[in-house]
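Structural overview
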Amino acid sequence: MTLMKHILSRRAFTSLAGAAVFATMMPMTSFAQDVTIPIIVKDTTSFYWQIVLAGARAAGKDLGVKVPELGAQSESDINGQISILENAVAGAPAAVVISPTEFKALGKPIDEAAKSVPIIGIDSGADSKAFTSFLTTDNTQGGRIAADGLAAAIKEATGKEEGEIAIITSLPGVGSLDQRHNGFMEQIAAKYPGLKVVADKYADGQATTGLNMMTDLITANPNLVGVFASNLIMAQGVGQAIAENKLGDKIKVIGFDSDEKTVGFLKEGVLAGLVVQDPYRMGYDGIKTALAASKKEKVEANVDTGANLVTKANMTDPKIDALLNPKVN
């Protein structure tokens, strides 16, 4: 019996040693495979947010993290996003990545969520100081870029930086849109005294509203020479109005963000330019930062993900082409 016990002990030791060796050979991503980091966007139907989700999806694959893709059906569904955030936190994830739909309304829900998990903000801010990290375009600078682009387009068409212009903002109270608006207005006032803002409109987040607003502006302001449409949805609606009225040569439009429709408008001369962000990077780096934060690693409090003015002249440049044609699958 003593010999049998000795043999069994050696077998047990050999099995344990083999298991230890196998454990050391396992990928270092084994920790991350048990990690869930939801990403909550403003609107799952918009091409812009699909690019954000594609970046997050790629990060999840690369890092071995589960990334539930969450969001409402419209950027105006503020209560819907709050409920999605509360439900996501209730699932005890490692962290949450979110782009708040509305600055003030999401402040307290984010404060509350941050008591349980690290919250990483992307794209738009909220009335909260509880973000572990915040990754976004410098939207104020984006507004300045739009102002410079509009002034240049008007000068190219008319020979001078003068005339009546308008701005159409998709929704009131959205941090990123307010910053673009402010940056645009400040730049116009500081650099282009010959450009007069005759209309400052807020819509309801619907492209058809942007179309109707632009149609009304065309009728009410026959001397209009330029428009800034401050997000993708408004650029779609405004561009459609310009196309239907064949006014691309007379009224120069700068949009914000891009999709197949607005890039088509740019190629056709319906739009004079697009200020393009890097939403893929926001999604990818948002998940990467959230994973680091969940492991108590130090992360940057604020990260500028950049913006570029795209025109018909530079849209084939490799850097610009990569922004216009991101991988969404």
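Above this text sits the structure in question.
Read on for an overview of the structure.

Focus on empty space enclosed by the protein
- Counting across every chain of the model gives 2 cavities of 30 Å³ or more.
- As for the largest cavity, its lining consists of 15 residues, and the residues nearest its centre are Tyr48, Trp49, Glu75, Asn231 and Asp257.
- Counting residues per element, the lining of the largest cavity draws most heavily on helix α6 (residues 175-191), at 3 residues.
- Taken together, the residues that form the lining of the largest cavity break down as 6 nonpolar, 4 polar and 5 charged.
- Space inside the second largest cavity adds up to approximately 50 Å³.
- Together, Tyr48, Ile51, Asp257, Ser258, Val276, Gln277, Pro279, Leu323 and Pro326 line the second largest cavity.
- Its residues placed into classes, the lining of the second largest cavity shows 6 nonpolar, 2 polar and 1 charged.

Looking at the sheet that holds strand β2 (residues 69-71)
- The 6 strands are arranged β2-β1-β3-β4-β5-β11 in an open sheet whose pairing can be described as parallel. Each edge of the sheet is formed by a strand with only one pairing partner; in this case those strands are β2 and β11 (302-304). Shown here is a sheet whose adjacent strand axes are inclined to one another by a mean of 20 degrees, direction ignored.
- Sheet topology note: the strand β5 (residues 133-136)/β11 ladder contains 3 bridges and is parallel. By the bridge assignment for β11, threonine 136 is matched with aspartate 304.
- Relative to the sheet, helix α2 (residues 47-63) contacts β1 (39-41), β2 and β4 (119-122), its axis offset from that of β1 by approximately 170 degrees.

Re the sheet that holds strand β6 (residues 163-169)
- Read from one edge to the other, the open sheet built from 6 strands follows the order β7-β6-β8-β9-β10-β12, with strand pairing classed as mixed. The open sheet has two edge strands with one neighbour each: β7 (195-202) and β12 (308-310). Within the sheet, the average angular offset between the axes of one strand and its neighbour, ignoring direction, is 20 degrees.
- Bridge count between strand β10 (residues 273-276) and β12: 3 bridges; the pairing is antiparallel. Pairing of valine 275 across the sheet is with leucine 309, part of β12.
- Here helix α8 (residues 232-244) sits on the sheet in contact with β6, β8 (224-229) and β9 (252-256), set at roughly 155 degrees to β9.

A word on the packing of aromatic side chains
- Across all of its chains, the model carries 4 aromatic pairs by this definition.
- Taken together, Phe184, Phe228 and Phe256 form an aromatic cluster joined through their ring pairs.
- One cation-aromatic arrangement involves arginine 180 over phenylalanine 256; the distance from NZ or CZ to the ring centre is 3.8 Å.

A short note on the packing of helix α5 (residues 139-158) against α6
- One can describe the packing of α5 onto α6 by two numbers: an axis separation of 6 Å at closest approach and a directional angle of 45 degrees. Taken together, α5 and α6 sit at an angle that is classed as oblique. In this structure, the crossing between α5 and α6 has a hand that is right-handed. For the pair formed by α5 and α6, the contact residues are Asn139, Thr140, Gly143, Arg144, Ala146, Ala147, Asp148 and Leu150 on the first element and Ser176, Gln179, Arg180, Gly183, Phe184, Glu186, Gln187, Ile188 and Lys191 on the second.
- Classifying every residue of the contact of α5 with α6 by side-chain character gives 5 nonpolar, 7 polar and 5 charged.

Quick notes on the pairing of β9
- The element β9 is extensively covered by neighbouring structure, given that 5 of its 5 residues are classed as buried.
- Residues of β9 alternate between two faces, with Lys252, Ile254 and Phe256 on one and Val253 and Gly255 on the opposite face, all of them buried.
- Where β8 meets β9, 3 bridges bridge the pair, whose relative direction is parallel. Note on β9: the bridge partner recorded for glycine 226 is lysine 252.

Some words on the pairing of β7
- Relative to β7, β6 is paired through 7 bridges, and the arrangement is parallel. For glutamate 164, the partnering residue across the bridge sits in β7 and is lysine 196.
- The β-α-β motif built from β6, the intervening α6 and the parallel element β7 has right-handed crossover chirality.

Concerning the pattern of salt bridges
- Summed over the entire model, instances satisfying the criterion amount to 7 salt bridges.
- Measuring nitrogen to oxygen at the nearest pair gives 3.9 Å for the salt bridge that ties glutamate 297 to lysine 295.
- For glutamate 297, a relative accessible area of 42% corresponds to the partly exposed category.

Reading the values: rules and limits
Within each chain, residues carry numbers counting from 1 in the order of the written sequence. Where local features are concerned, this predicted model is filtered to residues with pLDDT of at least 70; where side-chain atom pairs are given and counted, the filter is 80 or more; whole-chain, interface and lining totals use all residues. The basis for the side-chain values is all heavy atoms of the structure; hydrogens and waters are excluded. Points on a 1 Å grid, built from protein atoms alone, make a cavity when a 1.4 Å probe fits but cannot get out and make a pocket when they are open with protein on both sides within 12 Å along at least 5 of 7 lines; residues with an atom within 4 Å of a point are the lining residues. Grid points are joined across faces, edges and corners, and a volume is the space filled by probe spheres set on the points. Helical segments are the DSSP runs of H or I of at least four residues, strand segments are the runs of E of at least two, and each set is numbered from the N terminus. Residues are grouped as follows: Ala, Val, Leu, Ile, Met, Phe, Trp, Tyr, Cys and Pro are nonpolar; Asp, Glu, Lys and Arg are charged; all remaining types, including Gly, are polar. Two strands qualify as a pair provided DSSP detects at least 2 bridges between them. Geometry is summarised by axes, namely lines fitted to C-alpha atoms with helices restricted to the contacting stretch, and by angles between N-to-C directions that run from 0 to 180 degrees. The contact criterion used is simple: two residues touch if any of their non-hydrogen atoms lie within 4.5 Å. Note on ring pairs: Phe, Tyr and Trp rings are taken, using the six-membered ring of Trp, and paired if centres are within 6.5 Å. Classes follow the plane angle, with under 30 degrees stacked, over 60 edge-to-face and the rest tilted. Either the NZ atom of lysine or the CZ atom of arginine qualifies as a charge over a ring when it sits within 6 Å of the ring centre and within 35 degrees of the ring normal. Each angle gets one of four labels, with under 35 degrees taken as roughly parallel, over 145 as roughly antiparallel, 65 to 115 as roughly perpendicular, and the rest as oblique. Throughout, a crossing is termed right-handed when the near helix is turned clockwise from the far one, and left-handed when it is turned anticlockwise from it by less than a right angle. In this scheme, a residue with accessible area under 20% of its type's maximum is buried, one over 50% is exposed, and one in between is partly exposed, where area comes from a 1.4 Å probe on protein chains only. By convention a crossover is right-handed if, when the strands point away from the viewer, the path from the first strand over the helix to the second runs clockwise. Any Lys or Arg side-chain nitrogen located within 4 Å of an Asp or Glu carboxyl oxygen qualifies as a salt bridge.

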